[in-house]
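Fold and geometry: a report
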Amino acid sequence: MKLDAILWDYDGTLVNSVPKNISITKEILSIVAPHLTGDNLPQYLRSEAAYHVANHGAKNWQELYLDYYGLSHDEMELAGSMWSEHQERNQTPVSLFEGISSVVTQFGHLPHGICSQNSQANIRNVLRSNQIDDHFVSVVGYDDVSNGQQKPDPFGGIKCVDNILGQNDSSLLMYIGDHEADTKFARNLESALGGDTRVISVAAGYSCSAPESWNITPDYIAHRVEDLVGIIGKYA
């Protein structure tokens, strides 16, 4: 079988958004949890290296806010509700990982989609500014999915695939993400789509993740962006 579509995570997979995410989180904490600012700023927001430890250690964004940043449950829920608004307002630059544009363009004959916990409008703006937006048929962001159906729940992936391929019970898909939850999402999506559909999971190991230590093993690991060419090429 040949690939019918390539699905991507966004943060840590297509773009290095760590500086912006740290800035946004600090802004939100100043509103919902001012006791966690200044000298009391969580250690995981004090450097990019520390942020990576928390981001890849947490199972989801709720756990990130609760267990790593120290928010209460109510503060976490309020912070989550403010994320999209602050993402769109924050002007910290975001860059594609070097080589990503070439990979997307090289496989531009295939439809691409994004399943992310970032804001759809924010994602589309970055795709447009890097002139690769034409390749992405569907973008499903945080604001397109209810809180209870965020990744690794397959709901957003089903929506993304339906936008690209319609109802199809025999497809070969690839999902590329930098978090263990992305691999679980790929497995959940394959199960939810059913039929003869297969979802190949690829871990973006080039963004300071450690896929070798994950409990849920991806099908492939891209240690460099360039590795994606060979992995995708096997099925394209």
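The structure we're discussing is the one just above.
A brief report on the enclosed structure follows. (Residues numbered from 1 in each chain as written. Predicted model: local features only at pLDDT ≥ 70, side-chain atom pairs only at ≥ 80, totals over all residues. Heavy atoms only, no water.)

**Here's the deal with the packing of helix H2 (residues 48-57) against helix H3 (residues 61-68)**
Here H2 crosses H3 at 125°, and the two axes come no closer than 8 Å. Classified by the interaxial angle, the pair formed by H2 and H3 is oblique. For the pair H2 and H3, contact is made by Ala 54, Asn 55 and Gly 57 and by Glu 63, Leu 64 and Tyr 68, respectively. Grouping the constituent residues of the contact of H2 with H3 by class yields three nonpolar, two polar and one charged. (Axes fitted to C-alpha atoms, helices over the stretch in contact; angles between N-to-C directions. Helix = DSSP H or I, 4+ residues; strand = E, 2+ residues; numbered from the N terminus. Parallel < 35°, antiparallel > 145°, perpendicular 65-115°, else oblique. Contact = heavy atoms within 4.5 Å. Nonpolar A, V, L, I, M, F, W, Y, C, P; charged D, E, K, R; others polar.)

**Focus on the layout of surface pockets**
Its volume calculated, the largest pocket comes out at about 630 Å³. As for the largest pocket, its lining consists of 35 residues, of which Asp 11, Tyr 51, Asn 55, Trp 61 and Gln 117 are closest to the centre. At the level of elements, helix H1 (18-32), H2, H3, helix H4 (73-89) and helix H8 (180-193) are the ones that each hand at least two residues to the lining of the largest pocket. Here the lining of the largest pocket is composed, by residue class, of 13 nonpolar, 16 polar and six charged. By volume, the second largest pocket amounts to about 280 Å³. Taken together, 16 residues make up the lining of the second largest pocket; nearest its centre are Lys 59, Asn 60, Pro 152, Ala 181 and Lys 184. When residues of the lining of the second largest pocket are traced back to their parent elements, those giving at least two are H2 and H8. The element that contributes the greatest number of residues to the lining of the second largest pocket is H8, accounting for three residues. (1 Å grid on protein atoms, 1.4 Å probe; cavity = no way out; pocket = protein on both sides within 12 Å on 5 of 7 lines; lining within 4 Å. Points joined across faces, edges and corners; volume = space filled by probe spheres on them.)

**Digging into the pattern of salt bridges**
Pairing is possible between side chains of opposite charge, provided their charged atoms come close. According to the stated counting rule, one finds five salt bridges in the structure shown. With a shortest N-O distance of 3.4 Å, Arg 187 and Asp 219 are connected by a salt bridge. A residue pair is termed long-range when its members are at least 10 positions apart, and Arg 187 in helix H8 and Asp 219 in the loop between strand E7 (198-204) and strand E8 (220-222) qualify at 32 residues. Residue Asp 219 is classed as partly exposed on the basis of its relative accessible area, which comes to 34%. Of the charged contacts in the structure, one is a salt bridge between Asp 227 and Arg 224, with a shortest N-O distance of 3.2 Å. We classify Asp 227 as partly exposed; its relative accessible area is 21%. (Salt bridge = Lys/Arg side-chain N within 4 Å of Asp/Glu carboxyl O. Buried < 20%, exposed > 50% of the residue type's maximum accessible area, 1.4 Å probe, protein only.)

From the geometry alone we can't say anything about function, so treat these as descriptive.
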